[in-house]
Amino acid sequence: MQRKLRYGTAAIAQGAQVVAVYANRGAAWRKKKDMTRAIADFARALEIAPRDVDTLLARGWTWTLMGKYESAIADCDAALAVEPRHKAALRSRGLANFY
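In this text, all values refer to a predicted model and were calculated from it rather than measured experimentally.

The rules behind the values
Residues numbered from 1 in each chain as written. Predicted model: local features only at pLDDT ≥ 70, side-chain atom pairs only at ≥ 80, totals over all residues. Heavy atoms only, no water. Salt bridge = Lys/Arg side-chain N within 4 Å of Asp/Glu carboxyl O. Buried < 20%, exposed > 50% of the residue type's maximum accessible area, 1.4 Å probe, protein only. Phe/Tyr/Trp six-rings, centres within 6.5 Å; stacked < 30°, edge-to-face > 60°. Lys NZ or Arg CZ within 6 Å of the ring centre and 35° of its normal. Core = buried A, V, L, I, M, F, W, Y, C linked by side-chain atoms within 4.5 Å. Helix = DSSP H or I, 4+ residues; strand = E, 2+ residues; numbered from the N terminus. Contact = heavy atoms within 4.5 Å.

## Some thoughts on the pattern of salt bridges
Counted by the stated rule, this structure contains five salt bridges. For Asp34, the salt bridge identified is with Arg37, shortest N-O distance 3.7 Å. Given a relative accessible area of 24%, Asp34 falls into the partly exposed group. The exposure class assigned to Arg37 is partly exposed, which follows from its relative accessible area of 45%. Of the charged contacts in the structure, one is a salt bridge between Arg93 and Asp77, with a shortest N-O distance of 2.5 Å.

## Describing the packing of aromatic side chains
The final tally for this structure, using the stated rule, is zero aromatic pairs. Directly above the aromatic system of Tyr22 lies the positively charged group of Arg44, at a separation of 5.5 Å from the ring centroid.

## Focus: the nonpolar core
Within the largest apolar cluster, eight residues are counted, these being Leu46, Val53, Leu56, Leu57, Cys76, Ala79, Leu80 and Ala89. Of all the secondary-structure elements, those providing two or more residues to this core are helix H4 (53-65) and helix H5 (69-82). Discounting residues that sit within four places of it in the chain, Leu46 has contacts with Asp52, Thr55, Leu56 and Arg59. Judged by nonpolar contacts, the second largest core, of five residues, contains Ile39, Trp63, Ala72 and Ala96.

What follows is the structure, encoded as structure tokens:
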């Protein structure tokens, strides 16, 4: 996890504008329970690729962990707009809606 943070930060410092760099670093921040930084990195990844389903779901799950269920549902809905039968998006939306 620390390696992902270090490499991701180095790549970004060198000007990387790749969705995976921001998304992976966001996931690493989430594992460290730094949800604010995780959301920021997922948001940056989505600025680059707004229809990236995996990143939408990753940010949606982070919103759920933060108790921000409306934001989680919005990200799941955006993912489902891209892939209407995406099982993880359907499941995540159901969980966020449950809370």
